[in-house]
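So the chains spell out like this:
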Amino acid sequence: EIAGKILEKENYDIYIAESGYTALELIEDTDFDLILLDIMMPEMDGFETYKKMKEHKKFNDAPVIFLTAKVDIESVITGFELGAVDYIRKPFNGLELKARVRTHVELKKMRRELEEKNKSLTDAYDKLEIIATTDPLTKLFNRREITKKLVQEQLRYERNNNPFSILIADIDFFKKVNDTYGHNCGDFILKSVAEIFKNTSRRQDSVSRWGGEEFLLLLPETDVSGAALLAEKLRSKIESKIFDNGEFQVKITLTFGVNVYDKVQNLDLLISKADSA
């Protein structure tokens, strides 16, 4: 009661629990910024109360200050080992009580603000990563990112000799599509083709927009015949599809080139040969 009266004058909202069980009921409905917990209490002491609080699904990691008439170091150490942030000996000085409470309430507030800022920063970094690695129209990997993945796959090949192939696809007469139906329709075609590539390729494959109407697929642990099978599957699926954007119905075809990496090729030659094919 004395502590409550002192802290109420500092404009804190105070809840008083006369036992550990009442305290556990209070945290069911209220998120506290600080808990002052007496060590010596009837039925359940402060240490046991704190243990049960930490196990409670509604406990929000509010800092705990133990109040104690004990001066033995073992009790103090036990409190800190449980996770308490501070302790105050009874009988306490009102100025000391206010100072310690103010410090830990401010620290809790600062931690919360820091967590929110860190979350915002993490979200911003995630967005930046997407922007840096993704083609904004098709949501496929961009040229820069697929080049990085090609280098990584080349290093894997040098370690374990597992083959990998690439597949380059080009939409035939795409300029005619844009000229005839407009760029909105052209963008719709690009996004639709990208979706077919993503849905048809394997999880370990990397699909990218290489540039304009060109796509490059990286196929790990795939020989040239496996790459050719996928290319034919994609070619056939797109040839048989009618692309309908609600305004126009368009049929298109794609031409594919395939190449498999080996020791006599560098990555530039690998891509150049697939492009020529």
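The preceding data block contains the structure.
A quick note: this is a predicted structure, and the numbers were derived from the prediction, not measured. (Residues numbered from 1 in each chain as written. Predicted model: local features only at pLDDT ≥ 70, side-chain atom pairs only at ≥ 80, totals over all residues. Heavy atoms only, no water.)

Caption draft 1: Representation of the overall build of the chain in the model. Helix and strand counts for the chain stand at ten helices and nine strands. Taking 277 residues into account, the globule formula puts the C-alpha radius of gyration at 19 Å, and the chain, at 33 Å, lies well above it. With the C-alpha coordinates of the chain rotated into their principal frame, the extents come out at 90 × 50 × 30 Å. Taken across its 277 residues, the chain has 40% of its residues classed as buried. Accessible surface computed for the chain: about 16,800 Å², of which carbon and sulfur atoms make up 51%. For the chain, the centre of its 41 positive side-chain charges and the centre of its 49 negative side-chain charges are spaced 3 Å apart. (Helix = DSSP H or I, 4+ residues; strand = E, 2+ residues; numbered from the N terminus. Rg over C-alpha atoms; globule rule 2.2 N^0.38 Å. Buried < 20%, exposed > 50% of the residue type's maximum accessible area, 1.4 Å probe, protein only. Areas by Shrake-Rupley, 256 points an atom, 1.4 Å probe, with all protein chains shown as cover. Lys, Arg positive; Asp, Glu negative; His and termini not counted. Charge placed at Lys NZ, Arg CZ, Asp CG, Glu CD.)

Caption draft 2: Quick look at the layout of surface pockets. Taken as a whole, the largest pocket spans an internal volume of roughly 1,100 Å³. What lines the largest pocket is a set of 34 residues, among which I14, Y15, I16, A17 and L36 lie closest to the centre. Mapped by element, the contributors of at least two residues to the lining of the largest pocket are helix 1 (2–8), helix 2 (20–29), strand 1 (35–38) and helix 5 (94–133). Its boundaries defined by the atoms lining it, the second largest pocket holds a volume of some 230 Å³. What lines the second largest pocket is a set of 13 residues, among which N60, D61, A62, K108 and R111 lie closest to the centre. Per-element tally for the lining of the second largest pocket: the top contributor is helix 5, with four residues. (1 Å grid on protein atoms, 1.4 Å probe; cavity = no way out; pocket = protein on both sides within 12 Å on 5 of 7 lines; lining within 4 Å. Points joined across faces, edges and corners; volume = space filled by probe spheres on them.)

Caption draft 3: Molecular detail of a negative patch on the surface. A contiguous patch of negative charge on the surface is contributed by D61, E106, E113, E115 and E116. Among the residues examined, E116 registers a relative accessible area of 48% and is labelled partly exposed. (Patch = residues over 30% accessible without salt bridge, like charges linked within 9 Å, V, L, I, M, F, W, Y side chains within 5 Å. Salt bridge = Lys/Arg side-chain N within 4 Å of Asp/Glu carboxyl O.)

Caption draft 4: View of the pairing of strand 5 (residues 206–211). With respect to burial, strand 5 is a largely interior element, five of its six residues being buried. For strand 5 and strand 6 (residues 214–220), the ladder comprises five bridges, and the chain directions are antiparallel. Across the sheet, residue R209 finds its bridge partner in strand 6, namely F215. (Pairing = 2+ DSSP bridges.)

Caption draft 5: Region of interest: the sheet that holds strand 1. Read from one edge to the other, the open sheet built from three strands follows the order 1-2-3, with strand pairing classed as parallel. For this open sheet the edge positions go to strand 1 and strand 3 (86–89), each flanked by a neighbour on one side alone. Adjacent strand axes in the sheet meet at a mean angle of 25 degrees when their direction is disregarded. Two strands pair when backbone bridges link them, and strand 2 (residues 64–68) and strand 3 are joined in this way by four bridges, in the parallel orientation. Each bridged residue has a counterpart across the sheet, and for T68 the counterpart in strand 3 is R89. (Axes fitted to C-alpha atoms, helices over the stretch in contact; angles between N-to-C directions.)

Caption draft 6: The arrangement of the sheet that holds strand 9 (residues 254–260) in detail. Strand order in the open sheet formed by four strands is 5-6-4-9, with antiparallel pairing between adjacent strands. Edge positions in the open sheet fall to strand 5 and strand 9, since each of these has one partner strand only. Strand-to-strand twist of the sheet, defined as the mean angle between neighbouring strand axes without regard to direction, takes the value 20 degrees. Along the sheet, helix 8 (residues 183–200) contacts strand 4 (164–171), strand 5, strand 6 and strand 9; its crossing angle with strand 6, the most-contacted strand, is approximately 10 degrees. Helix 9 (residues 224–239) contacts strand 4, strand 6 and strand 9 of the sheet and is inclined by roughly 170 degrees relative to strand 9. (Contact = heavy atoms within 4.5 Å.)

Caption draft 7: Up close: the pattern of salt bridges. Under the defined criterion, the tally for this structure stands at 17 salt bridges. Put simply, D205 and R202 hold a salt bridge, and the shortest N to O gap is 2.7 Å. On the accessibility criterion, D205 (9% relative accessible area) is buried. The class for R202 is partly exposed, based on a relative accessible area of 36%. If you follow the salt bridges from partner to partner, you end up with D33, K108 and R112 in one network.

Caption draft 8: Region of interest: helix 3 (residues 46–55). Within helix 3, burial applies to G46, F47, T49, Y50 and M53. Looking down the long axis of helix 3, one finds its buried residues gathered within 160 degrees of arc, a one-sided arrangement. Buried residues along helix 3 sit in contact with helix 2, strand 1, strand 2 and helix 4 (73–82). The residue sitting at the N-terminus of helix 3 and contributing the capping side-chain oxygen is D45; that oxygen lies 3.1 Å from the backbone nitrogen of F47. (Arc of directions from axis to C-beta. Polar contact = N/O pair within 3.5 Å; in protein donor to acceptor, adjacent residues only side chain to side chain.)

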